[in-house]
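# Residue-level structural notes
The residues making up each chain are set out below.
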Amino acid sequence: MKRVYKTALLAGLTILISSCHSDRERNYEYFPNMYESVAYETYSEADAFSGGVSALVPATGTIKRGFVPYEIENTNEGYAASKAITTSGLDSLSVDMDEAKILYDIYCAICHGTSGDGKGKPVTQEKFLGVPSYKDREITVGSVFHVETYGLNMMGSYANQLNAKERWMVAEYVMKLKSEL
């Protein structure tokens, strides 16, 4: 009798387990989105934001943290106006001439020379000529900052490499070099 019960129980469990599985129909899943997630096309539009906006944008009139706007525009008139600036945008305690020298040596000395005489490595190797000596130029700390920010002639902008404080420090160091020539 025990044997009949065991056989009946085993047959019942086998029928129960096999009846839950079907190749033609979807089986029961606890969290179906975990197994079969919604497919999105790469770079396609998504309805994550309201109003048809594809990404969140900053509010108008805002600037990023730490950014200091420079009001003089990148034109010849702006360059002439920057020559009227004779004092740095930093106070005298903020200017660290040792750090300014390091920054000048990294970014400027390769072309302008370590003493500001326009005899950098590309000039001495005759790769290109016409790098000005600071002694021969009518420059002010404002015009140097303007050129560092926007670039001039063959010199490109250093606004991405140096922040505003560092550009003012380098401008102060350039004026120091000009006074020593």
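For the structure, check the block above.
A few points on the structure.

Rules of the game
Residues numbered from 1 in each chain as written. Predicted model: local features only at pLDDT ≥ 70, side-chain atom pairs only at ≥ 80, totals over all residues. Heavy atoms only, no water. Phe/Tyr/Trp six-rings, centres within 6.5 Å; stacked < 30°, edge-to-face > 60°. Helix = DSSP H or I, 4+ residues; strand = E, 2+ residues; numbered from the N terminus. Buried < 20%, exposed > 50% of the residue type's maximum accessible area, 1.4 Å probe, protein only. Expected span 1.5 Å × (residues − 1). Contact = heavy atoms within 4.5 Å. Polar contact = N/O pair within 3.5 Å; in protein donor to acceptor, adjacent residues only side chain to side chain.

Next up on the list: the packing of aromatic side chains. Aromatic rings in a pair are described by how distant their centres are and how their planes are angled relative to each other. Tallying each qualifying case throughout the model produces 6 aromatic pairs. With 5.3 Å between their ring centres and 55 degrees between their planes, Tyr104 and Tyr173 make a pair best called tilted. On the criterion of sequence distance, the pair formed by Tyr104 in helix 4 (residues 97–107) and Tyr173 in helix 8 (residues 164–180) is long-range, its members being 69 residues apart. Of the two residues examined, Tyr104 and Tyr173, each falls in the buried class. Grouping aromatic residues by their ring pairs yields a cluster made of Tyr70, Phe145, Tyr150 and Trp168.

Compared with an ideal rise of 1.5 Å per residue, which puts 17 residues at 24 Å, helix 8 spans 25 Å between its outermost C-alpha atoms and is within 8% of the ideal. Residues Glu166, Arg167, Trp168, Met169, Val170, Ala171, Tyr173, Val174 and Leu177 constitute the buried set of helix 8. Check the buried side of helix 8 and you find it contacts helix 4 and helix 7 (141–150). You can read the cap of helix 8 off the contacts: a side-chain oxygen lies 3.2 Å from the backbone nitrogen of Lys165, and it is on Asn163.

As far as function goes, none of this settles anything; it's purely spatial.
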